[in-house]
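Notes for the structure review
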Amino acid sequence: MNYYYIDPSASTNGTGTQDSPYNTWGVLGTLNPSFPFSILVKRGTVERGNFNYSTLRNLVSSSSESSVISSYGTGAWPTLIQDSGSDQVLHLALRNTVIAGINFCTNEVSQSSDLVGISAYPNTDGSDTNVFLTKCQFTSFPYTMISQYCKGLSLYANRDVNQPANKIGVTDSLFNYLSRGVQILGNYNVPSTQDPTTNVGDRYRSNGAVIDSCSFTNMRDDGAILNRCTSPDSAGTDTTNAMVSKISNCTYSSFRTNTAASDNYTQAASVAFWMVYSNKCIIEYCTVSGSYAARMDRMAFDFDIMTWDCVIRYCYSHNNAGGIVLFISNADGDGSESQPSGTSNTEWFVNRRWGQGNNVIHDCISFNDGVTRSAAASGLWMSKVRLFGYASNCEMRNVTVIDTLSSSRHCYIQQYPKFTSSDNVTSLEFNAVNFKFRYLTNTDIIRGDTDTSVQGLIKFTGCNLFSDALGENGFSIPSYADGGSNTQVDPKFEFIPKSSPSSFDSAKLIKMMASSTVTAGYSS
């Protein structure tokens, strides 16, 4: 290991030894270290600047051993404060490197770029890239004006090499008072052998893209995003494999008072945890709370454009204004190829995968997501789930949904699908989902597109639907949506609190009595 020391509080710039340290993070722009390296910054120090060296390759390690950027000494972690909000506080190209124990902070006025950018530089032979950040903090101030889509961390595959950047991620870190938290973006170059008329296959998507054990607090918009990532075929049953791409053991909250931004972004779409252009990715053991109503979507989770075979499981969501989960793939300027004339919807959006499909959310609990308050002046209808565009063979299974607030203008799903009945596709099936309302009086369970050509794309099978206010058999299940074996009886929960449990462990204590005949819903 080759050691280099930085002490931003030193009055003179030294030679990089511990007795004579460099005195600025700016040395990263000129340093040509021997590999593997250990660049250590003195604890308790603070430096303000914009250290953007994304075009340099001086820190791209050629060693198979891991390099480190971390700290030495005692006291608080080293802190980097963004000087100009229009440039990253730190932007590096790395390979086989871990960044650990660094605080990154925006300036006090405005931010119009990502806070930190890390370019994960793939190996030409396709071996693992191994770039991780751990035990770091990415923070802003409640009064900093942050433009939409600015992330605390952008961790992305460098596209100079036509290979996937495998094993990259962030763990055990805090994101606070930001617009977006973190996005991991895989290499979206198209292999020369790829048939451009199909989205089948993984291309150069990143395996082992991991966001684990991170907290996203006081967020204005999104928490964590997996973009162009993938996993081995076994991901749905085995997430211990280091090549599985996942968001796991994370928490998100958006209980903020400064929701109205003067930069005109109050209607920008946001979701806490989501996947886009990705295959076989997992979201598990996550809790999402308080996504507020000043944004579109405002869901806890999202299977977004061209996601296939992805899974959300063992998660808890509560008090999210938009609902539980969004399924969307509109194919309208969303990165997909244009559907050729004469090609059927099934061929193009299912077989060639320009839509989304085979995505499953299972074994989760929702409490007061997407509620409709009776005092609301608007005639807006709210829902637990939303479906837009070309989705096929998706499923919500073994989920418990509890609502103690909505009394009217509320439905189970809002649907705006683009397949038609002639395509012979089921877009989404609710399978063994236990819906329990306390005050809901309207009998509608599906809202949205009333065109009969799209009816039949939603199915309820083996579900239980019940509202205390309506009693047994109070809901109207359209014949086209009735997949059979549905019940409408009191699930007989032992106790339901008026307000949402604060944790998944607490929510799992809401159990049904032994005398209940309902088998649908979450089962621990």
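Residues numbered from 1 in each chain as written. Predicted model: local features only at pLDDT ≥ 70, side-chain atom pairs only at ≥ 80, totals over all residues. Heavy atoms only, no water.

**Observations regarding the overall build of the protein chain**
Scanning the protein chain from N- to C-terminus turns up two helices and 46 strands. Relative to the compact-globule value of 24 Å for 524 residues, the protein chain shows a C-alpha radius of gyration of 24 Å, a close match. Along the first, second and third principal axes, the C-alpha set of the protein chain runs to 80 × 50 × 45 Å. The contacts in the protein chain between residues at least 6 apart in sequence include a share of 82% that link residues at least 24 apart. Averaging the locations of the 36 positively and 44 negatively charged side chains of the protein chain gives two centres separated by 3 Å. (Helix = DSSP H or I, 4+ residues; strand = E, 2+ residues; numbered from the N terminus. Rg over C-alpha atoms; globule rule 2.2 N^0.38 Å. Contact = heavy atoms within 4.5 Å. Lys, Arg positive; Asp, Glu negative; His and termini not counted. Charge placed at Lys NZ, Arg CZ, Asp CG, Glu CD.)

**Looking at the pattern of salt bridges**
Scanning the model with the defined rule gives 16 salt bridges in all. Here Asp309 ties to Arg353 by a salt bridge, and the two come within 3.1 Å at their closest N and O atoms. One end of the pair, Asp309, is in the loop between β29 (296-303) and β30 (311-313); the other, Arg353, is in the loop between α1 (345-351) and β33 (356-357), with 44 residues separating them in the sequence. Its relative accessible area of 21% is what places Arg353 among the partly exposed residues. For Asp403, the salt bridge is made with Lys384, and the minimal N-O distance between the two is 2.7 Å. Taken together, the residues span a long stretch of sequence, with Asp403 in strand β39 (residues 400-403) and Lys384 in strand β36 (residues 382-389) at a distance of 19 residues. The class for Lys384 is buried, based on a relative accessible area of 0%. Residues participating in the shared-partner salt-bridge network are Asp202, Asp233 and Lys280. (Salt bridge = Lys/Arg side-chain N within 4 Å of Asp/Glu carboxyl O. Buried < 20%, exposed > 50% of the residue type's maximum accessible area, 1.4 Å probe, protein only.)

**So, the environment of Gly389**
By the secondary structure assignment, Gly389 is in strand β36. The class for Gly389 is buried, based on a relative accessible area of 0%. Apart from residues no more than four positions distant in its own chain, Gly389 is found in contact with Ser329, Asn330, Tyr416, Pro417, Lys418 and Phe419.

**Notes on the sheet that holds strand β18 (residues 180-185)**
Pairing is parallel in the open sheet, where twelve strands are placed in the order β4-β7-β11-β15-β18-β22-β26-β29-β32-β36-β40-β43. A single partner strand is all that each edge strand has here, and the edge strands are β4 (51-52) and β43 (446-448). (Pairing = 2+ DSSP bridges.)

**Things to note about the pairing of strand β16 (residues 168-171)**
Neither face of β16 is exposed, since Ile168 and Val170 on one face and Gly169 and Thr171 on the opposite face are all buried. Both strand β12 (residues 131-134) and β16 contribute to a ladder of four bridges, which runs parallel. Within β16, the residue paired with Val131 across the bridge is Ile168. Relative to strand β20 (residues 209-212), β16 runs parallel, the two being bridged by four bridges. The partner of Gly169 across the bridge, within β20, is Val210.

**Concerning the environment of Arg409**
Locating Arg409 in the fold gives a position in the loop between β39 and β40 (410-417). Residues Arg409 and Trp381 lie 28 residues apart in sequence; the distance between their C-alpha atoms is 4.7 Å.

**A few points about the confidence of the model for the protein chain**
In this model, the protein chain carries a mean pLDDT of 92, and residues with pLDDT of at least 70 account for 95%. Predicted confidence is poor over residues 259-265, with pLDDT under 50, and the contacts of this stretch with residues over four places away or in other chains come to 18 contacts. (pLDDT = per-residue confidence, 0-100.)

**Describing the nonpolar core**
Formed by 93 residues in total, the largest nonpolar core has its most connected members in Phe104, Ile211, Phe216, Phe273 and Phe430. Core analysis: the next-biggest nonpolar cluster, separate from the first, contains 18 residues, Met299, Leu326, Trp348 and Trp354 among them. (Core = buried A, V, L, I, M, F, W, Y, C linked by side-chain atoms within 4.5 Å.)

**Observations concerning the packing of aromatic side chains**
For the structure on display, the rule yields 26 aromatic pairs. Ring geometry for Phe388 versus Tyr416: centroids 5.2 Å apart, planes at 15°, classification stacked. Taken together, the residues Phe388 in strand β36 and Tyr416 in strand β40 connect sequence positions 28 residues apart. What makes Phe388 partly exposed here is its relative accessible area of 23%. Look at Tyr416 and you get partly exposed, because its relative accessible area is 35%. Between Tyr412 and Phe435, the ring centres sit 4.2 Å apart and the planes meet at 40°, which makes this aromatic pair tilted. Here Tyr412 is found in strand β40, whereas its partner Phe435 is found in strand β42 (residues 434-437), with 23 residues between them in sequence. Across the pair, exposure class does not vary: Tyr412 and Phe435 are buried alike. The rings of Phe104, Phe138, Phe175, Phe216, Tyr252 and Phe273 are connected pair by pair, giving a single aromatic cluster. The residue whose ring lies beneath Arg228 is Tyr277, and the NZ or CZ to ring-centre distance is 4.2 Å. (Phe/Tyr/Trp six-rings, centres within 6.5 Å; stacked < 30°, edge-to-face > 60°. Lys NZ or Arg CZ within 6 Å of the ring centre and 35° of its normal.)

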